[in-house]
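Residue-level listing of the chains:
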Amino acid sequence: MPAVRLSPALKTLKPSATLAAAAKAKALKAQGVTVYDFTLGEPDFTTPEHIQQAAMAAMKAGHTHYTAAGGIVELKQAVCRYYEREYGLKFDSPQVLISNGAKHSIHNVITTLCGPGDEVIIPTPYWVSYSELVALTGATPVLVPTTEASGFVMSAEQFAAAVTPYTRLLMLNSPCNPTGTAYSAAQLEAIARVAVEKKVPVLADEIYEKLIYTGSQFRCFASFGKDVADLTILVSGVSKAYAMTGWRIGWTVGPAEIIKAMDNLQSQETSNPCSISQYAAIAALDGPQESVEAMRVEFEKRRNYVMGRLEAMRSKYGITFAQPGGAFYAFFNVSASFGKNLGGGKVVHNATEFCTALLEQAHVALVTGDAFGAPGYVRLSFATSLDILETGLNRIEAFLAGV
Ligand SMILES: *Cc1c(COP(=O)(O)O)cnc(C)c1O
């Protein structure tokens, strides 16, 4: 019997596939190879200057100590002002918990609500961490498949059919990573009605709420009436809208009893999120918002460029995809290339092999759809410059052409 033994839960826990794909690309870069890396799920912009200044001012003002475990009340109030200003929704600070990024917020929600024997409904394709974090609690992820034809939207009927007496939570991500799907208000409301009728709490991961493209709208899940808001747990944060991934500030907004339980959990696990980042987040939420829109416009240009290129590849190589309404990912099906001669004479049989071969042959890094519960698909993040996108897409096209 070895002295060090992993717990059963950790033995089966997989590392984050997106971070693993990024690590592979980094390893190749370290060998001096130029890699066109489209794995990363973060804005390439720098954090706006006024937010950086607020962080420096916070340090100088001595805000370098522990704060309340669940975050400073000033930031909680800023989050409440944000929801009122943006969506006309009224919350009080006891309904807000500040955590170390929205990923931490999601972990808090799942750990607080779920355990062995419980079921959590997750539409697929889903963000890599969802099913792993559910499984870590001993609960069972119940995956509801969606199709490209429906724009990767889970219908209210599909949701209703997946509910059992053991259902404890629905995890809904709109706009969605990896598909870019932005649910319409009508689609969300239909799901909300089922949630109320069947008494299923909803974790609404709205981290991409500010990254919505022409033709799509964002609608906050808590905005369909009090009965819906009473079972909604909103998760969002500053990472994507304000280009603040490294600062690690996310939040949960929901019924005060759940927030209190999560605060207890967080007080035992991590204590407060970074004090300086919390002050920076206040500046992000309360300060000028022009940079948010400027980044969105830039993302939309890239999205349109990528869609044009993929459209051209659709007829030539049989790749298929749905248009992303939000977020910054193109999610496309490459299964028509399986079994064919690709660049360097490589032959692949699934999306994971496709990504490995593409990286080795063309030095382009994508994330396999297998990681998101979507076999045959790959994810390309367009959170990078148009120049890099152009070269990378040229290389993908050459690879598909067998060059
Ligand atoms: C990026 C992302 C998050 C979390 O981001 P944090 O940096 O932890 O705030 C949560 N959900 C989805 C779907 C994401 O893509």
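Definitions and limits used
Residues numbered from 1 in each chain as written. Predicted model: local features only at pLDDT ≥ 70, side-chain atom pairs only at ≥ 80, totals over all residues. Heavy atoms only, no water. Helix = DSSP H or I, 4+ residues; strand = E, 2+ residues; numbered from the N terminus. Rg over C-alpha atoms; globule rule 2.2 N^0.38 Å. Buried < 20%, exposed > 50% of the residue type's maximum accessible area, 1.4 Å probe, protein only. Contact = heavy atoms within 4.5 Å. Areas by Shrake-Rupley, 256 points an atom, 1.4 Å probe, with all protein chains shown as cover. Lys, Arg positive; Asp, Glu negative; His and termini not counted. Charge placed at Lys NZ, Arg CZ, Asp CG, Glu CD. Salt bridge = Lys/Arg side-chain N within 4 Å of Asp/Glu carboxyl O. Domains from an automatic or database assignment. Buried area = accessible area lost by both parts, 1.4 Å probe. Polar contact = N/O pair within 3.5 Å; in protein donor to acceptor, adjacent residues only side chain to side chain. Nonpolar A, V, L, I, M, F, W, Y, C, P; charged D, E, K, R; others polar. Near = heavy atom within 4 Å. Patch = residues over 30% accessible without salt bridge, like charges linked within 9 Å, V, L, I, M, F, W, Y side chains within 5 Å. Core = buried A, V, L, I, M, F, W, Y, C linked by side-chain atoms within 4.5 Å.

*Asks:* Report on the overall build of the chain, specifying residues and quantitative values.
*Replies:* When its secondary structure is counted, the chain shows 14 helices and 13 strands. Relative to a compact globule of 403 residues, whose C-alpha radius of gyration would be 22 Å, the chain shows 21 Å and is just as compact. Along the first, second and third principal axes, the C-alpha set of the chain runs to 60 × 60 × 55 Å. Per-residue burial for the chain yields a buried fraction of 55% across its 403 residues. When contacts within the chain are restricted to residue pairs at least 6 apart in sequence, long-range pairs at least 24 apart make up 73% of them. When the accessible area of the chain is evaluated, it comes to approximately 16600 Å², of which 57% is carbon and sulfur surface. If the 33 positive side-chain charges of the chain are averaged to one point and the 35 negative ones to another, these points end up 4 Å apart.

*Asks:* Can you explain the environment of Gly-117? Please cite residues and give values.
*Replies:* When you line up the elements, Gly-117 lands in the loop between α5 (102-113) and β3 (119-124). When neighbours within four sequence positions are excluded, Gly-117 is seen to be in contact with Gly-138 and Tyr-166.

*Asks:* For the pattern of salt bridges, give the residues involved together with the corresponding values.
*Replies:* Tallied over the full model, the rule gives 17 salt bridges. Across the pair Lys-14 and Glu-132 runs a salt bridge whose closest N-O atoms are separated by 3.1 Å. Residue Lys-14 is located in the loop between α1 (8-11) and α2 (17-30), and its partner Glu-132 is located in helix α6 (residues 128-136); the two are separated by 118 residues in the primary sequence. When the shortest N-O distance is used, the salt bridge between Lys-316 and Glu-397 registers 3.0 Å. Pair noted here: Lys-316 is in helix α12 (residues 290-317) and Glu-397 is in helix α14 (residues 386-400), with a separation of 81 residues, a long-range link.

*Asks:* Describe the domain arrangement of the chain, naming the residues involved and giving the relevant values.
*Replies:* Domains assigned within the chain are domain 1 (8-46 + 291-400) and domain 2 (49-288). At the interface, 38 residues of domain 1 touch 31 residues of domain 2. A buried area of about 2800 Å², summed over both sides, lies between domain 1 and domain 2, and 60% of it is on carbon and sulfur atoms. The tally of links from domain 1 across to domain 2 stands at one salt bridge. For the pair domain 1 and domain 2, the number of links is 16 residue pairs in polar contact (both at pLDDT 80 or more). Here the side of domain 1 that touches domain 2 takes seven residues from α12, the largest share from any one element. Considering only residue class, the side of domain 1 that touches domain 2 consists of 21 nonpolar, 11 polar and six charged.

*Asks:* Please set out the site of the ligand residue by residue, giving values where relevant.
*Replies:* The full set close to the ligand counts 13 residues, and Ala-102, Asp-205, Tyr-208, Lys-240 and Arg-248 are the nearest of them. Contacts to the ligand include Asp-205, whose side-chain N or O atom sits 2.7 Å from a nitrogen atom. Here Tyr-208 contributes a side-chain N or O atom positioned 2.7 Å from an oxygen atom of the ligand. Sort the elements by how many residues they give to the shell around the ligand and α5 lands first, with three residues. In terms of residue class, the shell around the ligand is made up of five nonpolar, four polar and four charged.

*Asks:* I'd like to hear about a nonpolar patch on the surface, residue by residue, with values.
*Replies:* Together, Leu-6, Leu-10 and Leu-13 make up a nonpolar patch on the protein surface, roughly 250 Å² of accessible area in all. With respect to the helices and strands, the residue Leu-6 is situated in the segment before α1. Since its relative accessible area comes to 51%, Leu-6 is described here as exposed.

*Asks:* Pulling in residues and values, what's your account of the nonpolar core?
*Replies:* Within the largest apolar cluster, 73 residues are counted, with the highest numbers of intra-cluster contacts made by Met-171, Leu-310, Phe-332, Leu-366 and Leu-380. Here this core gathers at least three residues from each of two domains, domain 1 (8-46 + 291-400) and domain 2 (49-288). Setting aside residues no more than four positions away along its own chain, Leu-380 makes contact with Phe-38, Val-306, Phe-328, Tyr-329, Ala-330, Phe-332, Leu-366, Leu-389, Leu-393 and Ile-396. Counting residues in each nonpolar core, the second largest holds 59 residues, with Val-96, Val-194, Met-244 and Ala-280 among its members.

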